[in-house]
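Topology and contacts: notes
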There are 2 protein chains.
Amino acid sequence: MTTLRLPGLADPHVHVRGLGQRHKEDFASCTRAALAGGFTTILAMPNTKPAIVAEPALREYQAEARVEAHCDYGFHLGATEDNAGEVARLAPLSTGLKLYLDPTFGDLKLQKLTALVEHAATFPKHVPILAHAEEHSLASAMLVAHLAGRPIHICHVSRKVEIELVARAKDKGFDVTCEVCPHHLFLDEHGHGLPAGFCEVRPVIGTKEDVRALWQNLDAIDCFATDHAPHTRAEKSSDKPPPGFPGLETALPLFLTAVHEGKLTIADVEARMALNVRRIFSLPVQDDTYIEIDPDEAHVFEAARGESRAGWNPFEGVPLRGRVLRVVLRGKEAYAGGRIVGAPGDGRDVRGGTP
Amino acid sequence: MTTLRLPGLADPHVHVRGLGQRHKEDFASCTRAALAGGFTTILAMPNTKPAIVAEPALREYQAEARVEAHCDYGFHLGATEDNAGEVARLAPLSTGLKLYLDPTFGDLKLQKLTALVEHAATFPKHVPILAHAEEHSLASAMLVAHLAGRPIHICHVSRKVEIELVARAKDKGFDVTCEVCPHHLFLDEHGHGLPAGFCEVRPVIGTKEDVRALWQNLDAIDCFATDHAPHTRAEKSSDKPPPGFPGLETALPLFLTAVHEGKLTIADVEARMALNVRRIFSLPVQDDTYIEIDPDEAHVFEAARGESRAGWNPFEGVPLRGRVLRVVLRGKEAYAGGRIVGAPGDGRDVRGGTP
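Residues numbered from 1 in each chain as written. Chains lettered and ligands numbered in written order. Predicted model: local features only at pLDDT ≥ 70, side-chain atom pairs only at ≥ 80, totals over all residues. Heavy atoms only, no water.

1. Brief notes about the packing of aromatic side chains
All names here are of chain A. Inclusion rule: Pairing of aromatic rings covers Phe, Tyr and Trp, the last through its six-membered ring, and needs centres within 6.5 Å; plane angles under 30 degrees mean stacked, over 60 mean edge-to-face, and all others mean tilted. Helix and strand assignments follow DSSP, with helices taken as H or I runs no shorter than four residues and strands as E runs no shorter than two, numbered in order from the N terminus. Any residue under 20% of the maximum accessible area for its type is buried, any over 50% is exposed, and the rest in between are partly exposed; the area is computed with a 1.4 Å probe on protein chains only. Note on geometry: a ring has a charge over it if NZ (lysine) or CZ (arginine) is within 6 Å of the ring centre and within 35 degrees of the ring normal.
Under the criterion given, the structure shown has 16 aromatic pairs over all chains. Considering the side-chain rings of F27 and Y73, the 6.1 Å spacing of their centres and the 65 degrees angle between planes classify their relative orientation as edge-to-face. Taken as a pair, F27 in helix α1 (residues 27–36) and Y73 in strand β4 (residues 72–78) lie far apart in primary sequence, 46 residues in all. Judged by relative accessible area, F27 falls into the buried class, the value being 1%. The buried category is assigned to Y73, whose relative accessible area is 4%. In textbook terms, an aromatic cluster arises when at least three aromatic residues are bridged by ring pairs, as seen for F186, W215, F224 and F255. Against the face of Y290 rests R5, its NZ or CZ located 3.4 Å from the ring centre.

Have a look at this one:
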């Protein structure tokens, strides 16, 4: 058996849920799933109940995470049409400001161009803004950030036209970074095999041509982000299935399988699942945080035995190669032998939390 | 009485109608209205019936214009999701390619970012693309054109956030030009005094803050365009009033009134209603085409006595200062003493028409 050591993985895009949505996931179950997937830091999205758009909600989630989290975490703030001042003030406690320019789960949608322009101008330039921005919104977000002279991180790029535009913007010197999700790289609209409801995700699963374009533009992809978005089986089977897939436990095995197949190198994975994420979001240096993996072991993920409360996974039954053996978080063993060995509360806020 | 001589005005944005919509306006009535308003060249928009999205329709309108037009004219082509090759081929016969990225009169709406990207890449770079692009679409259009390394002309900019974004893009060296309409400079949502239906126009009439921002960013405005969009009184009074105002006969008097009030100089008007339009759209040099105006004469426009078939005007009853006395088109008197003195067919296609 080969054992490889990699830096602890960092996921810039995780829907932890918690508080009003603990039945879907909470900080304990989510960070356990993260460790099982090789992640030692997760950055939490703000479209929660309540949404993280002002200090009181941020404090509530911080308190929950402080006692529950098994791995390190950060909070992205959520932009609304009128909270530019508030989120700018809270920026030092956050890992970024999320702008929802297109519809998805939750109600944090920004309608007006003015809101984008105002946040781009007001939020501190050294803290990233992240955009759920598809099609024209993506182009708009890149333009506004560029004209404001500030960096922008485009979330879950999924279409050919989008990744090509991001690549071209990078070539022109735009300060733009982007992430792509496993489900947009490994599933396509005709081949996903998921039942109605379960296949709902935003952005939607792409065409074969979209998937091919993402792989062809690997150089333009800074991060692999899971967009881990747990919903229960009951919710996904309902008349109004919420969009989103769990992803923390299957992301690394999927990418290691791609390495096994010669589509990626280990260095590609390390860059996009650790180094680039840490750089873009200014995560603390943690030399004593690392993971050990077997890059070859053949296995199949069983959601029923997983850590996420979702209880299902779009990649169940898919033959995988490569898995996590051991996770060390700031010098302390956190996961080993297929089990969480650390304790709730071991995880720390990468920004230190509210004093 | 003072008499000033100016170059013949050129309007980059005119809905001539004709063919299937002659009851609204045709090349004869529209070019008569143009001459009465001091315009010697009008550029016709393609969202007609049929729309100008392929060669056969272009030829039909060319034939109609050839026998009817009293002043010079050009044709903007219309972009569809799948005609990039066709319009690129027709580019030499056109003055530009119009992209409708937001809803308005007609059905030429482009939904997908791919269509914008494809047209921006395919249409010859020396012929402008023009965009009806509001809010995020405007930002998207500027980005896509910039990344394609080609010029873009933004039609009828109407909002504060939009003109400020255009101004910032120009400061950053983007190859972008724009036009603003009289109704967005002289009317606001609370002060237009127009009945329901009659006040419908796209983009909508702005707020006082929008209007103020347009005037404050005069340096960023390359052209004053009428967006002359005639509909009959009956249509505007109907349950489904189509958006659009006639504007050819009142634009110059409105701007001369602004000169009279010290808000503009004659040079500002000459640049935005003649010189810049001719430069942006590569219109032929015509030293023997000019207009003579009285910049001070007080009058009130009466639509019933006007040339446009619309028969109404949003600026009826408004006290105006300054009017057209005489128009000379390529050495020949075309308008004098309040009357059209040229003949239908005097007007020429600025691109020469289809051989």
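2. Observations concerning the relation of the copies chain B and chain A
Put simply, the rule reads: The copies are overlaid by a least-squares fit using only the C-alpha atoms of residues whose pLDDT is at least 70 in both copies. Between two residues, a contact is recorded if the distance between any of their heavy atoms is within 4.5 Å.
Between the two copies, chain B and chain A, the superposition gives an RMSD of 0.0 Å; the rotation angle is 180 degrees and the shift along the axis is 0.0 Å. Taken together, the rotation and translation describe the operation of a two-fold axis. For chain B, the residue whose C-alpha comes nearest the rotation axis is S140(B), separated from it by 2.2 Å. Both copies contact each other with a shared surface, as 100% of the interface residues of chain B are interface residues in chain A too.

3. A look at the interface of chain B and chain A
Filter applied, for reference: In this description, buried area is defined as the sum, over both parts, of the accessible area (probe of 1.4 Å) that is lost when the two are combined. Basic side-chain nitrogens of Lys or Arg form a salt bridge, by our definition, when they fall within 4 Å of a carboxyl oxygen of Asp or Glu. N or O atoms closer than or at 3.5 Å make up a polar contact, with two conditions inside protein: a donor-capable atom paired with an acceptor-capable one, and, for residues adjacent in sequence, both atoms drawn from side chains. The classification used treats Ala, Val, Leu, Ile, Met, Phe, Trp, Tyr, Cys and Pro as nonpolar, Asp, Glu, Lys and Arg as charged, and all other residues, Gly among them, as polar.
Opposite the 23 residues of chain B that make contact, chain A presents 23 residues. Summing both sides of the interface, chain B and chain A together bury roughly 2300 Å²; the carbon and sulfur share of this comes to 72%. Among the residues chain B hides against chain A, the three largest losses belong to L113(B), H136(B) and L147(B). Together they make up 31% of the total. Taken together, the connections running from chain B to chain A amount to two salt bridges. Between K112(A) and E135(B) there is a salt bridge, with the nearest N and O atoms lying 3.5 Å from each other. Linking chain B with chain A are eight residue pairs in polar contact (both at pLDDT 80 or more). Looking at the side of chain B that touches chain A, the element that brings in the most residues is helix α5 (residues 135–148) of chain B, giving nine residues. Taken together, the residues of the side of chain B that touches chain A break down into 13 nonpolar, six polar and four charged.

4. Describing the state of the cysteines
Residues and elements named next belong to chain B. Just so we agree on the cut-off: When the sulfur atoms of two cysteines come within 2.5 Å, that pair is taken as a disulfide.
For the structure on display, the rule yields zero disulfides over all chains. Unpaired in this structure, C71 has its nearest cysteine sulfur neighbour in C30, at a distance of 7.6 Å. Between C223, a cysteine without a disulfide, and C178, which holds the nearest cysteine sulfur, the sulfur-to-sulfur distance is 7.7 Å.

5. Description of helix α4 (residues 113–122) of chain A
L113(A), A115(A), L116(A), V117(A), H119(A) and A120(A) are the residues of α4(A) that are buried. In this fold, the buried residues of α4(A) make contact with α3 (84–90), β5 (96–100), β6 (129–132) and α5 (135–148) of chain A together with α5 and α6 (160–171) of chain B.

6. Side note on the pairing of strand β10 (residues 290–300) of chain A
Each regular strand displays side chains that alternate between the two surfaces of the sheet. Residues and elements named next belong to chain A. Selection rule: Whether two strands pair comes down to DSSP finding at least two bridges between them.
Where strand β1 (residues 4–7) lies against β10, four bridges are found, and the strand directions are antiparallel. From the neighbouring strand, R5 faces β10, where its bridge partner is E292. Bridge analysis of β10 against strand β11 (residues 319–329) gives eight bridges, and the strand direction is antiparallel. Bridge pairing in β11 links I291 to V327.

7. Comments concerning the sheet that holds β1(A)
Here five strands make up an open sheet; going across it, the order is β1-β10-β11-β12-β13 (chain A) and the pairing antiparallel. Strands at the two margins of the open sheet, each flanked by one partner only, are β1 and β13 (339–340) of chain A.

8. Examining the sheet that holds strand β6 (residues 129–132) of chain B
Across the sheet, eight strands lie side by side as β2-β3-β4-β5-β6-β7-β8-β9 (chain B); this open sheet has parallel pairing. What marks the edges here is a single partner per strand, and that holds for β2 (9–14) and β9 (223–224) of chain B.

9. Quick notes on the pairing of strand β12 (residues 332–336) of chain A
Residues and elements named next belong to chain A. Pairing analysis gives four bridges linking β11 to β12, with the strands arranged antiparallel. Following the sheet pairing, L329 is matched in β12 by K332. Adjacent in sequence and paired antiparallel, β11 and β12 are bridged by two residues, among which R330 carries a positive phi angle near 45 degrees. Bridge count for β12 against β13 is two bridges, and the pairing is antiparallel. Within β13, the residue paired with Y335 across the bridge is I340. A loop of two residues connects β12 with β13, the two strands running antiparallel in sequence, and G337 in this loop sits at a positive phi of about 60 degrees.

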